[in-house]
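Below are the chains, spelled out letter by letter.
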Amino acid sequence: MTDSLYPSFPADPAQEPAYLNRLNPEQKEVVRTTEGPLLVLAGAGTGKTAALTARLAYLVETLKAWPSQILAVTFTNKAAREMQMRVGELMGSLAENMPWLGTFHSIAAKMLRRHAELIGLKSNFIILDTDDQNRLLKQLIQAQGIDEKQWPAKQLAGIIDRWKNRGLTPDKIVGKEEDSFADGQGAGLYLAYQKRLLSLNACDFGDLLLHMLVILTKHPDVLESYHERFRYIMVDEYQDTNQAQYLWLRLLAQKKRNICCVGDDDQSIYSWRGAEVANILRFEEDFSGAKIIRLEHNYRSTPHILAAASGLITHNNARLGKTLWTERDQGEKVKVVGVWDGAEEARQLVSDVQNLRRMRVPLNNMAILIRAQFQSREFEDIFIAKSLPYRIIGGFRFYERAEIRDALAYLRVITQPTDDLAFERIVNVPKRGIGKKAMEKLYQTAYFNQIPLTVAAEKLISEKTLGSKITQSLGQLMDSFADWRKSLQFIGHADVTRKMLDESGYKAMLRAVNDVQSAGRLENLTELARAMEEYDDLSSFLEHVSLVMDHENDPIDDKITLMTMHAAKGLEFDYVFLPGWEEGVFPSQRSLDEGGLKSLEEERRLAYVGITRAKKFCTISHAANRRIYGQWMASTPSRFIDELPEDHTDQKSLLRKKTSGWRDIWAEGRSKNPPRYDTAKEAITPPWQLASNRGAGWQRAQRAQPSSTSTPIKPFKKNSAPQYKVGDTVKHNKFGQGIVNEVDGDKVTVEFQDKDVGVKKLLAQFVSS
Ligand code: ATP
Ligand code: MG
């Protein structure tokens, strides 16, 4: 290490490093309290993460530890990257070697790979996802002769997960715990599941920590090595640690006791994953002599935003309570907007975003934070339509799965035989004996003749220059492609896809593998075909997919962020949009149904997290109608909207003029003539004509019933097919001119002038008038 590389390293004790100067006295105390247990308990945006990051830099700079001797745990991968970036800003290239900065899971996985054999695994063990886990459990349940319908695998997965989150191995499941599944068979199934996982050299997410806990408890030498390694331990978002994580931290910290945890009880939002706020309270007991520092100065949000969030969270009973203040300019009140339906909400939001862009606000400074994944669809659709760059964090990556990419490659070759990339991906998937040598011949032929690979393949087949077996299997594949292409004109593209998946041998290949993952892959392929039915033809579907995928990888840096509120914890944005604040969406129906007051309080904390992500502006919106899992629901505004302090919100109705409050509009609407909403394109059912959705307590809104005075809302259909009638003259690119002699939905039967072509039934959009 030389002075030229690190001019300020090691620190000159006479001079405070610049990053310390930026901190307030309490934060500085956090940084300087390097030895012994320390708990920082403070509200959102008070600079907890900032202090923790500075502390990390300080430890390195004052030579108390090398970066590799510090264990720093964050809650999400994104938070880990954020922290790494912040440390990078403070420490420069020294921050690059922070092997133990990450999430609980990533750090535990790293440790477990080093000691896997102590638990009966190999270091290259695989980590199962939820789908795989459920399938495995299903097999075990069935093998026990238990009725899986009555005792579903998913339920068992949840129970096992909770046991693991509490650090309970199968031998520790006793008494009441045992009875929780299939009349006391839960513990046995748990044991069988763990055995099966070992035999597969696999583990699930919960195992990463649980196995490490077992290893650290049973192997003092291993624990000792980590005691030696980790001079300092730091934990961000401590309020969301579960019991297993807590025990793991306690074991690692018990010798040196240099552990610093920062958290906020009002932001505890993961109890459904076993998080226990009580860990905050236990800290002082377990680490005697622990120092507690409170931070109260909020640096993030404007007073209106802070007051709105603070006012909302006072409706929770279970909280420690704290004061927050800010010196920032008053700013604007939190905007609350009511709109007709989800599509309108998305349009309204995009129009706000466009206005901000005109004022040169970068998209990177804006975020849309949703309660549930299903809300993202509507926004993605409009972003794509309006070419608005966006990034989804933590969303489904359905189209990136290998089997989906393979199926898409087949489909691309069907629509576009010149697509070499797609062709080379699947030419030998499933295996057709087309090896390296044959591929080289294909490439050469294509290159020398300047032709696509598919044409090169036809040429080699006709010239019989490949071995007879290869010629035959490649010939078969090319014939199949021709057949599938032709089928597109007669049967729907989803059916062609199903046909292709069968005839290509792709499904058979997955069936033959028959491992834990193949069943899930087959399900995904079924889902792919189903998803395609929403689109009018294969090309528009493929275009949609490529747009979605392109957005994942495009080089544009400036993008609006779309993510769940859960994933947004610890992050901040100048402009935050919070859509879908309706009863049943947020607070979520599930939390209302299942968890009672406790769950409701957790939802409220989530609302607090959502609002406190905003630095300058926060817009909350709610729609009167919402399509949830394919059904239209009438909605009432979230109770959280009522709980926001009036002085700090600006309520705006796009349904009708502002009145005293949202609930009044709804009550009024039921008794008087329903207001019409001008910008809605279709005739729509006003919410009070839909099945009632209010009452004593709140009940799930029923499905919209068409009434005599109104038409039910129709789902939005993409690229609706052109309409023709019998007798119309139409033209087809390949078949020429003809006359329509039958119309069947989006298909037409055409008698073509060319007698060789004859009569054909095709999708109406393949012909023009
Ligand atoms: P959360 O509870 O949401 O995780 P937090 O308490 O971790 O919030 P930070 O993210 O560390 O808060 O800080 C919030 C914002 O305030 C950041 O933009 C940070 O740079 C800024 N900040 C933190 N401390 C100070 C300070 N002493 N002076 C000026 N700005 C600060
Ligand atoms: Mg933070």
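Residues numbered from 1 in each chain as written. Chains lettered and ligands numbered in written order. Predicted model: local features only at pLDDT ≥ 70, side-chain atom pairs only at ≥ 80, totals over all residues. Heavy atoms only, no water.

Per an unreviewed UniProt entry, the protein chain carries the name DNA 3'-5' helicase and comes from Zymomonas mobilis. According to UniProt, the comment filed for the protein chain under the heading Function (unreviewed entry) is "Has both ATPase and helicase activities. Unwinds DNA duplexes with 3' to 5' polarity with respect to the bound strand and initiates unwinding most effectively when a single-stranded region is present. Involved in the post-incision events of nucleotide excision repair and methyl-directed mismatch repair." Under the heading Sequence similarities (unreviewed entry), UniProt records this for the protein chain: "Belongs to the helicase family. UvrD subfamily." (UniProt positions renumbered as here; feature names shortened; annotations may be inferred.)

**Some words on the overall build of the protein chain**
Along its length, the protein chain carries 27 helices and 21 strands. In the protein chain, which comprises 769 residues, the proportion classed as buried is 53%. Within the protein chain, contacts between residues separated by at least 24 positions form 72% of all contacts whose residues are at least 6 apart in sequence. Carbon and sulfur atoms provide 49% of the accessible area of the protein chain, an area that totals close to 35,900 Å². (Helix = DSSP H or I, 4+ residues; strand = E, 2+ residues; numbered from the N terminus. Buried < 20%, exposed > 50% of the residue type's maximum accessible area, 1.4 Å probe, protein only. Contact = heavy atoms within 4.5 Å. Areas by Shrake-Rupley, 256 points an atom, 1.4 Å probe, with all protein chains shown as cover.)

**A closer look at the site of ligand 1**
Not every one of the 20 residues close to ligand 1 is listed here, only the nearest: Gln27, Lys48, Thr49, Glu572 and Arg613. A distance of 2.8 Å separates an oxygen atom of ligand 1 from a polar atom in the backbone of Ala50. Here ligand 1 loses 82% of its free accessible area of 630 Å² to cover by the protein chains. The element that contributes the greatest number of residues to the shell around ligand 1 is helix H3 (residues 48-61), accounting for three residues. (Near = heavy atom within 4 Å. Polar contact = N/O pair within 3.5 Å; in protein donor to acceptor, adjacent residues only side chain to side chain.)

**Considerations on the sheet that holds strand S3 (residues 101-103)**
Here six strands make up an open sheet; going across it, the order is S3-S2-S6-S7-S1-S8 and the pairing parallel. The sheet is open, and its two borders are formed by S3 and strand S8 (291-295), each paired with just one other strand. Averaged over all neighbouring strand pairs, the angle between strand axes comes to 15 degrees, with direction disregarded. Pairing between strand S2 (residues 70-74) and S3: three bridges, direction parallel. Among the inter-strand pairings, Val73 is bridged to a residue of S3, identified as Gly102. Together, strand S1 (38-42) and S8 form the strand contacts of helix H2 (residues 25-32), whose direction differs from that of S8 by roughly 150 degrees. Those strands touched by helix H4 (residues 77-91) are S2 and S3, and its axis lies near 160 degrees from that of S3. (Pairing = 2+ DSSP bridges. Axes fitted to C-alpha atoms, helices over the stretch in contact; angles between N-to-C directions.)

**Overview of the packing of helix H9 (residues 205-218) against helix H10 (residues 220-229)**
Working note: a packed helix pair is described by the angle between its axes plus the distance between those axes. Where H9 meets H10, the closest approach of the two axes is 5 Å, and the angle between their N-to-C directions is 100 degrees. Here H9 is positioned roughly perpendicular relative to H10, judged by the angle of their axes. Residue-level contacts link Met212, Ile215, Leu216 and Lys218 of H9 to Pro220, Val222, Leu223 and Tyr226 of H10. Taken together, the residues of the contact of H9 with H10 sort by class into seven nonpolar, no polar and one charged. (Parallel < 35°, antiparallel > 145°, perpendicular 65-115°, else oblique. Nonpolar A, V, L, I, M, F, W, Y, C, P; charged D, E, K, R; others polar.)

**What about the pairing of S2?**
Extensive coverage of S2 is indicated by the burial of five of its five residues. Of the two faces of S2, the one lined by Ile70, Ala72 and Thr74 and the one lined by Leu71 and Val73 are each fully buried. Inspection of the sheet shows S2 paired to strand S6 (residues 232-235) by four bridges, in the parallel sense. By the bridge assignment, Val73 is partnered in S6 with Val235.

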